Amino acid sequence: MTIFNATSETIGQAAKCLRDGGLVAFPTETVYGLGADARNPEAIKRIFAAKNRPENHPLIVHIASVEQLEEWAQDIPDMAFKLAQHFCPAPLAFVLKKRPDVSEIVTGGQNTVALRIPNHPIALELLRAFGNGIAAPSANRFCRISPTQAQHVADELGNDVDMILDGGACQIGVESTIIDLSSDKPMLLRFGQITRSDLETVLQTEVFIPDSLSKTTVRTAGMMAIHYAPLTPAMCCNSNMLVTFLNDKNQKVGVLTCGSNMPSTKNRIVISLPSNSMIYAQNLYAKLRELDALKLDLILVEQPPKGEAWQAINDRLGKATHNAKSHTHD
Ligand code: TXA
Ligand code: MG
């Protein structure tokens, strides 16, 4: 595996690698994806193996244009075209009824397929050079934090990926919004930068949120309780709780602040993020990785504000801090 600066030449090489059944990690506006030819079942199997991802967790197929939706999906409702025309290319994935020729290996055995037109020049150039759909989950091991820089992919996947295209740090930093339009009711399956209100404004209709995983048959990895997690136990806490934990002198603690200022000390490594949801999201995963690498006893995350602009962030933090006590370094 090598990290390649993304140029027309290396993007061409990456397209060839995909045609040969290889795995290419590439930048998108949300996080780095681990790509393979979406029409090649053997290549797709390599994605699941590299990520240690159970084969019933479906992948998102990335395409270059709205017109290509019809190469993968059928019975596409007007709502999908409305959203696509308004937002795409965008951090928005559509779950639609799949065409019969779309392999169930990509869709995890489901009769729906997730499709996304990423808003990133390198991803789009790669898609055009390759000329077909690229199946790409986030380029991290299953249940770990998504990579937002090329180096994160190299650190995590090493030689399990054939090529990494480097496009710098991802602009958005949290995964795309997922909307399921495969039934009559539009369902929001994953929070992202495009919010429920954004979708409702364009659709002029209510977008539903499944109230619990047990009530939906859709398998969405992003909806599992433990997901996006650092190895170090992590907890969200308000400022009062933060003080209590910081008074425990025996613990080596990492702190990720949201707007507060706090100095680092011998047993306390502080990384400060501003209380601005865009900048916070952009940096969140990289900072969690930095703290995770220090092998501390605990990561304390200052609770960000509530509100729709913070919904994707609070959702990911909820998952990163779930079951803190059972996580260890081994
Ligand atoms: O921002 C993103 O979407 C990134 C970049 C690389 O595009 N990709 C990403 O992929 O986050 P992944 O595989 O890590 O997450 C995709 C989510 C999973 O939770 C998966 O279960 C869900 O999409 N998904 C895919 N196909 C689906 C389907 N047919 N029905 C329901 N959920 C689906
Ligand atoms: Mg993922």
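Analysis parameters
- Numbers given to residues run from 1 along each chain, matching the order in which its sequence is written.
- Numbering of ligands from 1 and lettering of chains from A proceed in the order in which they are written.
- The model is predicted, so local features are restricted to residues of pLDDT at least 70 and side-chain atom pairs to those at 80 or more, both for listing and for counting; the totals for chains, interfaces and linings are taken over all residues.
- Side-chain calculation: all heavy atoms of the structure are included, whereas hydrogens and water are not.
- To qualify as a helix, a DSSP run of H or I must reach at least 4 residues; to qualify as a strand, a run of E must reach at least 2; elements of each kind are numbered from the N terminus.
- The quantity called the radius of gyration is restricted to C-alpha atoms. Its globule counterpart is 2.2 Å times the number of residues to the power 0.38.
- Contacts are assigned to residue pairs that have any heavy atoms within 4.5 Å of one another.
- Only the protein chains shown count as cover for residues, and the accessible areas themselves come from Shrake-Rupley with a 1.4 Å probe.
- Pairs were defined over the aromatic rings of Phe, Tyr and Trp, the Trp ring being its six-membered one, requiring ring centres within 6.5 Å. Orientation was assigned from the angle between planes: stacked under 30 degrees, edge-to-face over 60, tilted for the rest.
- Type-normalised accessible area, obtained with a 1.4 Å probe on protein chains alone, sets the label of each residue: buried when under 20%, exposed when over 50%, and partly exposed for intermediate values.
- Consider the ring centre and the ring normal. A charge sits over the ring if Lys NZ or Arg CZ is within 6 Å of that centre and within 35 degrees of that normal.
- Here, proximity means that at least one heavy atom of the residue falls within 4 Å of the molecule or strand.
- Pairing of N or O atoms within 3.5 Å defines a polar contact, subject to two protein rules: one partner must be a possible hydrogen donor and the other a possible acceptor, and residues neighboring in sequence count only if both atoms are side-chain atoms.
- As annotated, the domain borders come from an automatic or database domain assignment.
- By buried area we mean the combined loss of accessible area, with a 1.4 Å probe, across both parts when two parts are placed together.
- Any carboxyl oxygen of Asp or Glu within 4 Å of a side-chain nitrogen of Lys or Arg constitutes a salt bridge here.
- All residues other than Ala, Val, Leu, Ile, Met, Phe, Trp, Tyr, Cys, Pro, Asp, Glu, Lys and Arg, Gly among them, are scored as polar; the first ten of these are nonpolar and the last four charged.
- Pairs of cysteine sulfur atoms within 2.5 Å are identified as disulfides in what follows.

A. Spotlight on the overall build of the protein. Broken down by element type, the protein carries 10 helices and 14 strands. Taken over C-alpha atoms, the radius of gyration comes to 20 Å for the protein, in line with the 20 Å a tight globule of 330 residues would show. Principal-axis analysis of the C-alpha atoms places the extent of the protein at approximately 60 × 45 × 30 Å. Looking at the protein alone, contacts between residues at least 24 apart form 67% of all its contacts between residues at least 6 apart. Accessible area for the protein stands at about 14,000 Å²; split by element, carbon and sulfur atoms hold 49% of it.

B. A look at the packing of aromatic side chains. Counted by the stated rule, this structure contains one aromatic pair. Measuring from centroid to centroid gives 5.4 Å for Tyr 280 and Trp 310, while their planes differ by 65°, and the two rings are edge-to-face. Here Tyr 280 is found in helix α9 (residues 277-293), whereas its partner Trp 310 is found in the loop between β14 (298-302) and α10 (311-320), with 30 residues between them in sequence. Taken individually, Tyr 280 and Trp 310 each receive the classification buried, so the pair is uniform in this respect. When the ring centre of Trp 72 is taken as origin, the NZ or CZ atom of Arg 39, which lies over that ring, is 3.8 Å away. The positively charged end of Lys 185 is found above the aromatic ring belonging to Phe 208, 4.5 Å away from the centroid.

C. Quick peek at the site of ligand 1. Thr 30, Arg 53, His 62, Ser 138 and Ser 176 are the nearest of the 27 residues found near ligand 1. Note that an oxygen atom of ligand 1 is positioned 2.7 Å from one of the side-chain N or O atoms of Thr 30. Summarising the interface, the protein chains cover 98% of the accessible area of ligand 1, which totals 670 Å² for the free molecule. Sorting the residues of the shell around ligand 1 by element identifies β4 (60-62), β6 (112-116) and β10 (187-190) as the ones contributing at least two each. No other element matches the four residues that β6 contributes to the shell around ligand 1.

D. Quick peek at the domain arrangement of the protein. If you check the domain split of the protein, you get domain 1 (3-215) and domain 2 (234-324). For domain 1 versus domain 2, the separation of C-alpha centres amounts to 28 Å. Regarding the contact of domain 1 and domain 2, the summed buried area is about 1,500 Å², with carbon and sulfur atoms giving 54% of it. When the buried area of domain 1 at its contact with domain 2 is split by residue, Ile 145, Val 174 and Phe 191 rank highest and sum to 40% of it. Inspection of the domain 1/domain 2 interface yields two salt bridges. With a shortest N-O distance of 2.9 Å, Arg 289 and Glu 156 are connected by a salt bridge. Elements supplying a minimum of two residues to the side of domain 1 that touches domain 2: α6 (150-157) and α7 (196-203). Residues belonging to the side of domain 1 that touches domain 2 are distributed by class as follows: seven nonpolar, 12 polar and four charged.

E. Geometry of the environment of Leu 296. Structurally, Leu 296 is set in the loop between α9 and β14. On a C-alpha basis, the gap between Leu 296 and Asn 132 in space is 44 Å, while along the polypeptide they are 164 residues apart.

F. How the structure looks around the state of the cysteines. Following the criterion strictly, the structure yields zero disulfides and no others. Cysteine Cys 143 remains unbridged, with the sulfur of Cys 236 as its closest cysteine sulfur at 18 Å. The exposure class of Cys 143 is buried, given its relative accessible area of 16%. Of the cysteine sulfurs around Cys 237, a residue in no disulfide, the closest is that of Cys 236, at 7.3 Å. Owing to a relative accessible area of 1%, Cys 237 belongs among the buried residues under this scheme.

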